[in-house]
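Working through the structure, step by step
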Amino acid sequence: MDIITILVIIGVALAAFAVGYFFRKSLAEAKIVSAENEAKKILEEAQKDAEAKKREAILESKEEVLKLRNEFEKDSRERRLELQRQERRLVQKEENMDRKADAIEKKEEILDKKESEIDAVKAQLTEVYNKQLSELERISGLTSEEAKQILLADVENEIQHEVAIMIKDMENKAKEEGEKRAREIISLAIQRCAADHVAEVTVAVIPLPNDEMKGRIIGREGRNIRAFETLTGIDLIIDDTPEAVILSGFDPIRREVARVALEKLIVDGRIHPARIEEMVEKARKEVNNQLREAGEQATFDTGVHGLHPELVLLLGRLKYRTSYGQNVLKHSIEVAHLSGLMAAELGIDVQITKRAGLLHDIGKSVDHEVEGPHVTIGVDLARKYKESSEVIHAIAAHHGDEDPKTIIAVLVQAADAISAARPGARRETLESYIKRLTKLEEIANSFEGVDKSYAIQAGREIRIMVKPDKIDDIGAIRLVRDIAKRIENELDYPGQIKVVSIRETRVVEYAK
């Protein structure tokens, strides 16, 4: 290829490039012009919209300003009216005050005039009084001070006499009211307390699945029954009663352990000395758990909390303790409720009173293991487990071994007597109960020199009023001993009966 051809090709290429360049430039300029026109158009429309919105905003602002102006004018009118009303009321009050001030001034003038008149009359009365006093002194021959002393002495004597009469009347009324109130409180407490009465016995009957079980209980040559009685301390009676054996013993807890153990042995079927020992030990643990649960239930029922765990266990032991056939735990719960109800009526501390009532017979839980009366044992237990002095004193005084020094002790003593003396509470019919009380009084009244006798404390005490002119102090001692001997010989009764003789000398004189 020669140079001319190459140059031609280059020239053609350059020409084509130039033509394309100019063509693209013209297209770009046309697009730019079109875009500018479009932008101008959009800008004009935006300006129109802005102007329209501006006019709308101005109109809304004017309307809001007009509305606020109307509200302000309305509020201003109302305030002006209120101010006018208040101004009128103030003007009326000022006018009323002016009228009252005028009236007060007139009354003051009248009072001043009357005061002057009263002073004049007072001066006249004083002058008359002095003249009369001088005349009386001249006639009587006594000065005013001497006459005053005589008059005061006479008045003092009359007042002392009247005061003594009033005091006696008030004492009588107070006694009557006190007795009435006491009866109301006791009757209300009894009505509101509905405790169960449970009578216990000293034997338990255990049913057997068949009579062949009796031979297995006895064992070869009686070894099983001997092991059972040795481990439990309870007599196991096997007689002709069909499909039943009897457990007999005066310790109710041991009897319960024996009952539980025997029932477990009957269910298990394997009865031999080693198995008996194992079941008795399990029964003891089970009964101990029952005792603790019973004690906790008693504290829950009475609302007494914070007792020492050992006291709770001892309370549970009362479940299997009886007094004249009455369940002691039920009795203690009833005493707690009764004493608490009476304390509430009197405004005394209910919690302390209930606590003392619940624990008053706690000594009975171990009285067959510890020597001494249950009152002394209970006091020692209460001291041991850090009970309060009020509770300890109530326990000590609930049978009259100590004189009650607090109202709580008196309430516990009364609640104990109510619970024990209520007919049906203890294993004694109402008829035999009344007969025994009547017989006690008949025996006491049969002795010479006895004026009156009263059986109290559910027949546990008899008080004898003797005639002081027929029986002296030595004779009263002999009389009490004779009555006690005759009661022992003629009556059957549980526990002991306290015989008290009262010899009183009265001197009476009548003013005529």
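Section: the nonpolar core
If you look at the biggest cluster of nonpolar residues, it comprises 39 residues, and the most contacted ones within it are Leu307, Leu315 and Leu359. When residues no more than four places from it in sequence are discounted, the contact partners of leucine 307 are Thr299, Val312, Leu315, Arg355, Leu358, Leu359 and Glu387. Of all hydrophobic cores here, the second largest spans 29 residues; its members include Ile217, Ile234, Val245 and Ala258.

Looking at helix H4 (residues 223-232)
Among all positions of H4, only Asn224, Ile225, Ala227, Phe228 and Thr232 are buried. For H4, the angular spread of buried residues about the axis comes to 160°, placing them on one side. Structurally, H4 contributes buried residues whose contacts are with helix H3 (212-218), strand E2 (235-237), strand E3 (244-248), helix H5 (252-268) and helix H6 (273-302). Two residues or fewer after H4 comes glycine 233, characterised by a positive phi angle close to 75°.

Notes on a nonpolar patch on the surface
Together, Ile3, Ile6, Leu7, Ile10 and Leu14 give the surface a local cluster of nonpolar side chains, amounting to about 500 Å² of exposed area. Here isoleucine 3 is to be found in helix H1 (residues 3-140).

Structural notes on the confidence of the model for the chain
Overall, the prediction assigns the chain a mean pLDDT of 81, with 89% of residues at 70 or greater. In the predicted structure, residues 196-200 sits below a pLDDT of 50 and forms 16 contacts with residues beyond four places in sequence or in another chain.

Focus: the packing of helix H9 (residues 350-359) against helix H11 (residues 389-397)
Orientation of H9 relative to H11, taken along the N-to-C sense of each, is 40°, at an axis distance of 9 Å. One finds that H9 runs oblique with respect to H11. The two elements H9 and H11 cross, and the hand of that crossing is right-handed. Residue-level inspection shows Ile352, Arg355, Ala356 and Leu359 of H9 in contact with H11, the latter providing Glu390, Val391, Ala394 and Ile395. Here the residues of the contact of H9 with H11 sort into six nonpolar, no polar and two charged.

As for empty space enclosed by the protein
Summed over all chains, the structure comprises one cavity of 30 Å³ or more. Taken as a whole, the largest cavity holds about 40 Å³ of empty space. Forming the boundary of the largest cavity are Ile217, Asn224, Ile225, Phe228, Leu262, Leu265, Ile271 and Ile276. The set of elements that each furnish at least two residues to the lining of the largest cavity consists of H4 and H5. Broken down by element, the lining of the largest cavity gets its largest block of residues, three residues, from H4. Partitioned by chemical class, the residues of the lining of the largest cavity number seven nonpolar, one polar and no charged.

The rules behind the values
Residues numbered from 1 in each chain as written. Predicted model: local features only at pLDDT ≥ 70, side-chain atom pairs only at ≥ 80, totals over all residues. Heavy atoms only, no water. Core = buried A, V, L, I, M, F, W, Y, C linked by side-chain atoms within 4.5 Å. Buried < 20%, exposed > 50% of the residue type's maximum accessible area, 1.4 Å probe, protein only. Contact = heavy atoms within 4.5 Å. Helix = DSSP H or I, 4+ residues; strand = E, 2+ residues; numbered from the N terminus. Arc of directions from axis to C-beta. Patch = residues over 30% accessible without salt bridge, like charges linked within 9 Å, V, L, I, M, F, W, Y side chains within 5 Å. Areas by Shrake-Rupley, 256 points an atom, 1.4 Å probe, with all protein chains shown as cover. Salt bridge = Lys/Arg side-chain N within 4 Å of Asp/Glu carboxyl O. pLDDT = per-residue confidence, 0-100. Axes fitted to C-alpha atoms, helices over the stretch in contact; angles between N-to-C directions. Parallel < 35°, antiparallel > 145°, perpendicular 65-115°, else oblique. Left-handed = near helix turned anticlockwise from the far one by under 90°. Nonpolar A, V, L, I, M, F, W, Y, C, P; charged D, E, K, R; others polar. 1 Å grid on protein atoms, 1.4 Å probe; cavity = no way out; pocket = protein on both sides within 12 Å on 5 of 7 lines; lining within 4 Å. Points joined across faces, edges and corners; volume = space filled by probe spheres on them.

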